Amino acid sequence: MPSRPRQKPVFRFAPSPNGFLHLGHALSALINQKMAQQADGRLLLRIEDIDQTRCRPDFEAEFYRDLAWIGLAWEEPVRRQSEHLADYAAALRQLEDRGLIYPAFLTRSEVKARVTEAEGDGQAWPRDPDGAPLYPADDRERGEKERRQLLSSGLRHALRLDMAKALTLVGQSLTWQETGDGETGTIAADAASWGDVILSRSDAPSSYHLSVVVDDAAQGVTHVVRGLDLYHATAVHRLLQELLGLSAPLYHHHRLILGSDGRKLSKSEGATGLAALRAAGRSPADIGRLLGL
Ligand code: GLU
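Being a predicted model, the structure only gives us computed values, none of them experimental.

**Describing the sheet that holds strand E5 (residues 158-161)**
Strands pair in a sheet through their backbones, by hydrogen bonds, and they do so in one of two ways: parallel or antiparallel. With antiparallel pairing, three strands are arranged side by side in an open sheet as E4-E5-E8. A strand with exactly one partner marks an edge of an open sheet, and here the two such strands are strand E4 (101-104) and strand E8 (198-200). When strand polarity is set aside, the average angle formed by the axes of neighbouring strands in this sheet is 45 degrees.

Here it is in structure tokens:
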């Protein structure tokens, strides 16, 4: 009997075009490429342009030049999130049908005022692993009648996951398999520490968390290789995968390139931008050396 062809491992590099690529992105892209080659796998490129308020086509156009310059080779076609909004809407509906989502009306400044007031009174406000305050319980606890009134008044709102309900439904301790530069092995996923995460905003139809799990599944990604800054977010991704019945990839969170101030590089840090380094006469080999590869 002919044996079935082995499915190749699938890796992806998934930058957001809300600024120029810098050395941190080059490290991630090149580690993905190296791991894909070692595993005889495929490398996909995904453009995470869901947030149309911040993403720009000129950044995306520059991505292709920068990535080709550092020697990245990816499969075509490139998946662009802005072309798959129906997929995220369908996932959102699945969660909604199970009563796991609620409309959240508080603005960022209302939440901030609430936190400042509590902290001014000496009460600690719970924060997520990135240090952002958890969303207050008001909207989750609102009665159906009031919720309907607010919705019909046309008040802008986001959609948030009812974390406690979602965890009860999944009913098991979630884990992921990690091989990166932090803690490795079977990692306990602490999704609760993120509170009621946002799944869509009035100005962005899907959040990063929702679109990343939908896309990884749609593209058959088996290995998620990305920076350690997204290590803890993996807990939310694992929860969404369970809720949506999607299989879990393996995760590898690699070291970050830090700026002179010891912080993670930002897209506005011009001196480490790949386009700026190229314009300054650096070669792709120089980039490899700068990255310690
Ligand atoms: N788009 C994300 C970023 O640029 C990366 C998402 C991921 O690799 O899961 O930070």
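**Here's the deal with the site of the ligand**
Looking at the ligand, the residues that line it are Arg12, Ala14, Pro15, Ser16, Glu48, Tyr208, Val212, Arg226 and Leu230. The backbone of Ala14 places a nitrogen or oxygen atom 2.7 Å from a nitrogen atom of the ligand. In this structure, an oxygen atom belonging to the ligand sits 2.9 Å away from a side-chain N or O atom of Tyr208. The fraction of the free accessible surface of the ligand (300 Å²) that becomes covered by protein chains is 80%. Here the residues of the shell around the ligand are counted per class, giving five nonpolar, one polar and three charged.

**Re the packing of aromatic side chains**
Counted under the stated rule, the structure contains three aromatic pairs. With a centroid separation of 4.8 Å and 85 degrees between ring planes, the pair formed by Phe20 and Phe59 is classed as edge-to-face. With a gap of 39 residues between them, Phe20 in the loop between strand E1 (10-13) and helix H1 (23-38) and Phe59 in helix H2 (residues 57-69) connect regions that are remote in the sequence. With relative accessibility at 37%, the residue Phe20 sits in the partly exposed group. With relative accessibility at 8%, the residue Phe59 sits in the buried group. When the centroid spacing of 6.2 Å and the interplanar angle of 35 degrees are considered together, the rings of Tyr64 and Trp74 count as tilted. With Tyr64 in helix H2 and Trp74 in the loop between H2 and strand E3 (75-80), this residue pair connects regions lying ten residues apart in the sequence. Relative accessible area serves as the criterion here: at 25%, Tyr64 is assigned to the partly exposed category. Against the face of Tyr135 rests Arg160, its NZ or CZ located 4.0 Å from the ring centre.

**Considering the side chain of Arg12**
Residue position: Arg12 is located in strand E1. Exposure remark for Arg12: the relative accessible area of 3% places this residue in the buried category. Of the polar contacts made by the side chain of Arg12, one reaches the side chain of Asp216; its length is 2.9 Å. Ignoring sequence-local partners within four residues, the contact set of Arg12 consists of Asn32, Leu43, Leu44, Arg46, Val212, Asp216, Val221, His223, Val224, Val225 and Arg226.

Parameters and conventions
- Residues numbered from 1 in each chain as written.
- Predicted model: local features only at pLDDT ≥ 70, side-chain atom pairs only at ≥ 80, totals over all residues.
- Heavy atoms only, no water.
- Pairing = 2+ DSSP bridges.
- Helix = DSSP H or I, 4+ residues; strand = E, 2+ residues; numbered from the N terminus.
- Axes fitted to C-alpha atoms, helices over the stretch in contact; angles between N-to-C directions.
- Near = heavy atom within 4 Å.
- Polar contact = N/O pair within 3.5 Å; in protein donor to acceptor, adjacent residues only side chain to side chain.
- Areas by Shrake-Rupley, 256 points an atom, 1.4 Å probe, with all protein chains shown as cover.
- Nonpolar A, V, L, I, M, F, W, Y, C, P; charged D, E, K, R; others polar.
- Phe/Tyr/Trp six-rings, centres within 6.5 Å; stacked < 30°, edge-to-face > 60°.
- Buried < 20%, exposed > 50% of the residue type's maximum accessible area, 1.4 Å probe, protein only.
- Lys NZ or Arg CZ within 6 Å of the ring centre and 35° of its normal.
- Contact = heavy atoms within 4.5 Å.

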